[in-house]
Structures are given as C-alpha cells and as structure tokens.
Amino acid sequence: MYLIFNTLSVFEEALISKIYYIRNQKVMLDSDLAELYEVETRVLNQQVKRNLDRFPEDFMFQLTKVEWKTLKLQNATSSWGGRRKSPYVFTEHGVLMLSSVLNSKKAIAVNIQIMRIFTKLREMLTDNLSIKLEIEEIKKRLSSHSKNIELVFNYLDELIEKKDKPRTKIGYKK
C-alpha cells in the first residue's frame, strides 16, 4: 500500500484525505468539495437544492449532529465560528452529479480527478483483500506444517529423555 501512496501526486493525496467513511460509504463534505471547485459552500449547496431531484439519498445526505461532532473530533476541527447546520456529504455518485449541476470547467476537471481517486481506492481495497486472503492461506498451510514440526520435536525430546536414563544391560550377568 505504501508503494501505491508513494506514486500519488500531492493533489491526489489531498483528495484522499478529504474522503471519509460514514454510514458504510465513502463520502466527501460539501465544504471540501466547494474548496476544490473554488466556490463558496453556500453556492454549492444552493445549486444542489435547486436540483434536488438529481441527488437522491444514496447520492447525498446531511450528517446528523452526532456524526458531525464525531467527525470534527476526529479531525481536530475548531468549534469556533463555522457552520450553523450539519454539512451535506456526497457519495461517489453524488460527486459525479455535482459536475452537471455546477457546470464549470473547473468542476468537470476536479470531478475527473475525484473519480480517478475513488477508482484507485477501490483497487487498493481489492488488492488488500486479495493479500489478506493469501496471508490466511499461508497461515493455514503453516499451521498444518507446524503440527508436523511439533510432532518431530516431541519425538526428539523423547529420544533425549531416553538417552539421559541409564540403559538396562542386555546379556549375561556375572
């Protein structure tokens, strides 16, 4: 995984840091997206509200107060000033839909980068899963071999114990 991150650009790394895992989905905050699109968060949300039919709940949802508080605590966000309402978050499909709502060259260019990042993340997760499966398979093989190795060591221990005991003499006694 280090190798994959090592090949990412600074912009791509910044994008990855703005992707959160909430409600079992990878999402991005409206404020982070607005910053990337170089528009105010208020403007982004206005455009979304004007086109709500394009953003079903699996594309966009508003965080609960608890989710928002937890996210702020995890990211050491200041509680001074800022938002009056919990932010909206956009899933991968919602981010894709934003480019049609904002309809600017910047939005399209940023969305292309974001989609590439989501794809890379999916590939990394798939690669991670296959590596984990391979490791489990190796563990299974080793555990069956370790039983055999343990058995060999037990036999060796028995031989050593027998060697330490005096042997009874065989043959004629005088």
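Structure: see above.
The notes below deal with the structure included here. In this text, all values refer to a predicted model and were calculated from it rather than measured experimentally.

Under the definition given, this model contains 4 salt bridges. Linking Glu-35 and Lys-18 is a salt bridge whose minimum nitrogen-to-oxygen distance equals 3.8 Å. Remark: Lys-18 occurs in the loop between helix H2 (10-17) and strand S1 (19-22) and Glu-35 occurs in helix H3 (residues 30-37); sequence separation between them is 17 residues. Because the salt bridges share partners, they merge into one network encompassing Lys-18, Asp-32 and Glu-35.

Along helix H4 (residues 41-50), the positions that sit buried rather than exposed are Leu-44, Asn-45 and Val-48. What you see down the axis of H4 is that its buried residues fit within an arc of 95°, all on one side. Structurally, H4 contributes buried residues whose contacts are with H3, strand S3 (60-62), strand S4 (88-91) and helix H6 (92-102).

Turning our eyes to something else, we now look at the packing of aromatic side chains. Tallied over the entire structure, the rule returns 1 aromatic pair. Both rings, one in Phe-55 and one in Phe-90, keep their centres 5.9 Å apart while their planes meet at 75°; by these two values the pair is edge-to-face. Residue Phe-55 is located in the loop between H4 and S3, and its partner Phe-90 is located in strand S4; the two are separated by 35 residues in the primary sequence. On the basis of relative accessibility, which here comes to 5%, the residue Phe-55 falls in the buried class.

Taken in spatial order, the 4 strands make up an open sheet running S1-S2-S4-S3, and their pairing is antiparallel. Strand pairing shows two members of the sheet lacking a second neighbour, S1 and S3, which therefore form its edges. Ignoring which end each strand starts from, the neighbouring axes of this sheet average 40° apart. Pairing of S1 with strand S2 (residues 25-29), which is carried by 4 bridges, proceeds in the antiparallel orientation.

Rules behind the numbers
Along each chain, residues carry numbers from 1 onward, in the same order as the chain's sequence is written. Under the rules for a predicted model, residues below a pLDDT of 70 receive no local features and side-chain atom pairs below 80 are neither given nor counted, while totals for whole chains, interfaces and linings still include all residues. In computing side-chain values, all of the structure's heavy atoms are included and hydrogens and water are not. A pairing counts as a salt bridge when a side-chain nitrogen of Lys or Arg comes within 4 Å of a carboxyl oxygen of Asp or Glu. Helix and strand labels come from DSSP, where a helix needs a run of H or I of at least four residues and a strand needs a run of E of at least two; each type is numbered from the N terminus. Only protein chains enter the accessibility calculation, which uses a 1.4 Å probe; a residue whose area is less than 20% of its type maximum is buried, one above 50% is exposed, and one in between is partly exposed. The directions considered for the arc are those from the helix axis to the C-beta atoms. Here, residues are in contact when the closest pair of their heavy atoms is within 4.5 Å. Two rings from Phe, Tyr or Trp (for Trp, the six-membered ring) form a pair when their centres are within 6.5 Å of each other. A pair whose planes differ by under 30 degrees is stacked, one over 60 is edge-to-face, and the rest are tilted. In short, DSSP must find at least two bridges between two strands for them to pair. Here the axes come from fitting lines to C-alpha atoms, over the contacting stretch only for helices, and the angles between their N-to-C directions go from 0 to 180 degrees.

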